[in-house]
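# Breakdown of the fold
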Amino acid sequence: MDNDDKKLRTILHVDLNSFFATAEQQANPRLRGKPVGIVKAKGRTCIIAASVEAKKFGVKTGSDVFEAKKLCPELILVNADFDKYADITRRFIKICKSYTFICEVFSLDECFLDLTETEKFFGGVLNIAFDIKRRLREEVGEHMTCSIGISHNRFLAKLGSEQVKLDGLFLITEANCYEVLDKSSLTDVCGIGHGLGKHLSLLGINSFPQLRLKSMAFLSDNFGPFWSVHLYNISRGIDDSPIVASVDLPDA
């Protein structure tokens, strides 16, 4: 994967679980343990976030409210409170940045951390991962949880955090990289969207093992100079893209 003469990086991907819905359950204990769907405002017809409990019934982001209610009649609809979510995000970022200056805010509920040069100051990457989980509960809210992926690049770190969704922790190494990739759906990984996935499927490529069998020449002929390299690399767990330090969200 990475060149032998290059030191493997230590990358963490931290993803808050069911962020908007969990934030509402944190603020209102009466919602805890119940299926919750977040809508932008009263009368809106689209679910923008669902709690863990709602997801068990098949309710998900983008679900129509009417259809969501059919799947889960007990679904509680809550209007989104973006000021509340931004405040939680700021505190979440503050925790992540305390372990490294190279912290990339990927979205309101996701951060990438490059710990290559700093993990030694905190007892190693696993200690940092468990400490983030502890501090999230103590400093943000006892109901707040996150899933964390650990690997030597950002692609695999994000894939790791997706392996165990609720309060998970997953490590992808050079040794288990192909095993994890080969259990994953092509379109479920970051970097292969619906259009690219459809093109792959039309060529009879529906899994990572099938993709790895294709030569660079074949990929170049069918996907062009950029996507051929991208597909070749991610099918092997290769990703040299840097973690780009972000600034905090602006004060309200």
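Structure report, in brief.

So, how was this worked out
- Residues numbered from 1 in each chain as written.
- Predicted model: local features only at pLDDT ≥ 70, side-chain atom pairs only at ≥ 80, totals over all residues.
- Heavy atoms only, no water.
- Pairing = 2+ DSSP bridges.
- Helix = DSSP H or I, 4+ residues; strand = E, 2+ residues; numbered from the N terminus.
- Contact = heavy atoms within 4.5 Å.
- Axes fitted to C-alpha atoms, helices over the stretch in contact; angles between N-to-C directions.
- Phe/Tyr/Trp six-rings, centres within 6.5 Å; stacked < 30°, edge-to-face > 60°.
- Salt bridge = Lys/Arg side-chain N within 4 Å of Asp/Glu carboxyl O.
- Buried < 20%, exposed > 50% of the residue type's maximum accessible area, 1.4 Å probe, protein only.
- Parallel < 35°, antiparallel > 145°, perpendicular 65-115°, else oblique.

For the rest of this paragraph, the subject is the sheet that holds strand S4 (residues 76-79). Strand order in the open sheet made by the three strands is S3-S2-S4, with mixed pairing throughout. The sheet is open, and its two borders are formed by strand S3 (49-50) and S4, each paired with just one other strand. Strands strand S2 (36-39), S3 and S4 of the sheet are contacted by helix H1 (residues 19-27), whose axis makes an angle of about 110° with S2.

So, about the sheet that holds strand S6 (residues 110-114). As summarised here, the arrangement of the five strands in space is S5-S6-S1-S7-S8, forming an open sheet in which the pairing is mixed. Two strands in the sheet have a free side with no partner beyond their single neighbour: strand S5 (103-107) and strand S8 (169-171). Within the sheet, the average angular offset between the axes of one strand and its neighbour, ignoring direction, is 15°. The sheet contact formed by strand S7 (residues 146-151) and S8 spans three bridges and is parallel. Paired with Ile 150 across the strands is Leu 171, a residue of S8. Against the sheet, helix H4 (residues 82-97) touches strand S1 (11-16), S5 and S6, its axis set at about 10° to S6.

A full pass over the atoms with the stated rule returns eight aromatic pairs. Ring geometry for Phe 20 versus Phe 82: centroids 5.7 Å apart, planes at 85°, classification edge-to-face. Placement of Phe 20 in helix H1 and of Phe 82 in helix H4 is noted, with a sequence separation of 62 residues between them. On the basis of an interplanar angle of 80° and a centroid distance of 5.3 Å, the ring pair of Phe 106 and Phe 112 is categorised as edge-to-face. Each residue in the set Phe 19, Phe 20, Phe 82 and Tyr 85 is aromatic and connected to the rest through ring pairs, giving one cluster.

This part covers the pattern of salt bridges. Summed over the entire model, instances satisfying the criterion amount to 14 salt bridges. When the shortest N-O distance is used, the salt bridge between Glu 24 and Lys 84 registers 2.7 Å. Linking Glu 24 in helix H1 with Lys 84 in helix H4, this pair joins segments that are 60 residues apart in sequence. Assessed through its relative accessible area of 5%, Glu 24 is described here as buried. A salt bridge links Arg 32 to Glu 142; its shortest N-O distance comes to 3.1 Å. With a gap of 110 residues between them, Arg 32 in the loop between H1 and S2 and Glu 142 in the loop between helix H5 (125-140) and S7 connect regions that are remote in the sequence.

Where H1 meets H4, the axes come as close as 10 Å, and the angle between the chain directions of the two elements is 95°. The pairing of H1 with H4 is recorded here as roughly perpendicular in orientation. Mapping the contact onto sequence places Phe 19, Phe 20, Ala 23, Glu 24 and Ala 27 in H1 and Phe 82, Lys 84, Tyr 85, Ile 88 and Thr 89 in H4.

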